[in-house]
Amino acid sequence: MSWEPRPVPEISPETAPYWAAAAEGRLLLCECQDCDLQYYYPRARCPDCLSGNVEWIDAAGTGTVYAYTATEIVSGWPEEHLPLVLAYVELDEGPRMLTDVVDCGPDEVEVGSSVEVTFVDTDDPDVAIPVFELRR
Amino acid sequence: MTDDVDAYIAGAFEHPTREAPDKSIAQLHAEVAAGALEDAGLAKDDVDGYFTAGENYQVGRYPPLAMADYLGLDVSYFDSTDDGGSAYVNHVGEAAAAIAHGKCDVALVTLAGRMRTDDRDQPEHDDSILQENFERIYGAETLPVYALAARRHMHEYGTTSEQLAEIRAAASHHAQYNEHAMYREPVTVEEVVASRTVSDPLHLLDCCVVSDGAGAFVVVSDEVRRQLARECVAVLGHGAAIEHHDAGRVDLTRTAARDSGQRAFDRADVGPADVDYASIYDSFTITVLQTLEDLGFCEKGEGGSFVEDGALKAPHGTLPFNTDGGGLCSNHPDRGGMTKVIEAVRQLRGEANPEVQVPDAEVAIAHGTGGYLGTRHAGSTAVLGRVGR
Ligand SMILES: [Zn+2]
């Protein structure tokens, strides 16, 4: 249920800290210092109030499955690694994050399943990708 | 119903074949442009507005420039707003607005695509968007993100696979009468549910066809309409909306149709109860079910029971929909919004297949969904009305 190494995301100055932290095994969120919104995906300006006064914070890395699907067809994904479990995980901080649930059979996942973050490698040793696994 | 009509659809044309291996994309645009103008009783030189969208690789980096050159158009207004499959329903509203502001009098809208026989790699994602870097790495493409929406709808409202299958069954009932439809064989609810699971809870028959094809329509001013020996269709109202991640508070059961529909109905001064026929974007069965709820044809969460027992079947169902067989069975030429407009025009002019023609259809809607329902998408709704001559 995984595909390693993963494609390397496009790293920009805006998102570099997010990917660097992931390579260290940390999941970051953005927090607006003006309206207190904690949001995902990372952006330099707050999507609620457009403030540029935004800080990185460490997420707990735990959450629950909001929606999931085990997909049998993903272009470019090696067939032996299908089905792929794509999911929205609702982080304990609130944001829902599009991600994968790895190392589990599709029948083991449910809406509401408790999950925690883990990280998979990419072709770039300085970049890792946050994914989730079931908390057992 | 409003008397305040700025623009009318005077002609429409759909390319008849679902495979076009020997035709270029530009050639398909030109064929349907000629067909729609002939249907309206207009000539190419009458055109002073042009709208098209589409992938850059199809016709060149700047679609309206490439196609205006190819078609030899001399236009005073043009636009290529590209919100995916909803673009062509959006172009109805944009053309009407341009006409209302005196920017043009005869607006041509064209679409062409060769998703079926073009062997060129189809770019699944738009790399220019920051967000794509947080989706592609997870394998999040069209099919699974729609499946996420279906999953959440089932979880919150108890919607079943059988209820989604009702939508495909109704579309296939219509498609049997459309000689151009890609899949004409009627299918049952049981057959849909028994088809292969491609991204659970969606089955193969919950998904639209992949076809080549093309379509065009012509939007004209009232002054032009009065000169035409052709029944025209009034653009009564139009609305557009975008639904997105909402900073991570994405709600997968809510679609842009809620706001686009409200805006269109308000402008038209009609409501869902006044609609005789509905063209609903049908990339997947879940797209239809959620759109029906958000357009107000039933309460949120009750789409499943609304579509049961053939409610969507023409001509006698509660709400006849997609009487050409829709994207699910007939035609999805890269983007399906164009065919939504064309079949609504046919219904209002009484030119749909007699087996599925809704008697005395006076108000129709065409709704397009563009982008990805499970992450971010656009909704565009046009309310159209029959004009007595
Ligand atoms: Zn803020």
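Along every chain, residues carry numbers that run from 1 in the direction the sequence is written. Chains carry letters and ligands carry numbers; both start at the beginning, A for chains and 1 for ligands, and go up in the order they are written. Per-residue local features are limited, in this predicted model, to residues with pLDDT of at least 70; the limit for side-chain atom pairs, both in listing and counting, is 80 or more; totals at the level of whole chains, interfaces and linings are taken over all residues. Processing note: side-chain calculations cover all non-hydrogen atoms of the structure and skip hydrogens and water entirely.

The name given to chain B in an unreviewed UniProt entry is Thiolase domain-containing protein, with the source organism recorded as Halobellus ruber.

An unreviewed UniProt entry annotates chain A as OB-fold domain-containing protein of Halobellus ruber.

**Q** How should the overall build of chain A be read in this particular structure?
**A** A tally of regular secondary structure across chain A gives one helix and eight strands. Strands are runs of DSSP state E lasting at least two residues, helices are runs of H or I lasting at least four, and both sets are numbered from the N terminus onward. Its helices and strands in sequence order give chain A the pattern α-β-β-β-β-β-β-β-β, from N to C terminus. Computation of the radius of gyration draws on C-alpha atoms, with the globule rule given as 2.2 Å multiplied by the number of residues to the power 0.38. Since a compact globule built from 136 residues should have a radius of gyration of about 14 Å, the 15 Å found for chain A is in line with a globular shape. The principal-axis extent of the C-alpha atoms belonging to chain A is close to 45 × 35 × 25 Å. Any residue under 20% of the maximum accessible area for its type is buried, any over 50% is exposed, and the rest in between are partly exposed; the area is computed with a 1.4 Å probe on protein chains only. Burial status across chain A gives 51% buried among its 136 residues. Sequence separation of at least 24 residues holds for 55% of the intrachain contacts in chain A that already meet a minimum separation of 6. Any two residues having at least one pair of non-hydrogen atoms within 4.5 Å are treated as being in contact.

**Q** Where do I start with the coordination of the zinc ion in this structure?
**A** Tetrahedral coordination by four donors sets the ideal angle at the metal to 109.5 degrees; octahedral coordination by six donors sets it to 90 or 180 degrees. Residues and elements named next belong to chain A. Sites may look incomplete because water is not among the atoms; the donors themselves are N, O and S atoms within 2.8 Å of the metal, or within 3.2 Å for Na, K and Ca. Within the protein, the atoms that donate to the zinc ion are Cys32 (SG), Cys35 (SG), Cys46 (SG) and Cys49 (SG), at distances of 2.3 to 2.4 Å. When the donor residues of the zinc ion are listed from N- to C-terminus, their spacing reads C-x2-C-x10-C-x2-C. Take Cys46: its relative accessible area is 0%, and that puts it in the buried class.

**Q** Would you mind going over the sheet that holds strand β4 (residues 106–114) of chain B with me for this structure?
**A** Residue and element names in this part refer to chain B. Read from one edge of the open sheet, nine strands run β3-β2-β4-β7-β1-β8-β11-β10-β9, paired in mixed fashion. On the outer flanks of this sheet lie β3 (77–79) and β9 (277–280), each paired with one strand and no other. Across the sheet, the axes of successive neighbouring strands diverge by a mean angle of 20°, strand direction being ignored. Bridge count for strand β10 (residues 363–372) against strand β11 (residues 376–386) is ten bridges, and the pairing is antiparallel. Here the rule is simple: two strands pair whenever DSSP picks up at least two bridges between them. Geometry is summarised by axes, namely lines fitted to C-alpha atoms with helices restricted to the contacting stretch, and by angles between N-to-C directions that run from 0 to 180 degrees.

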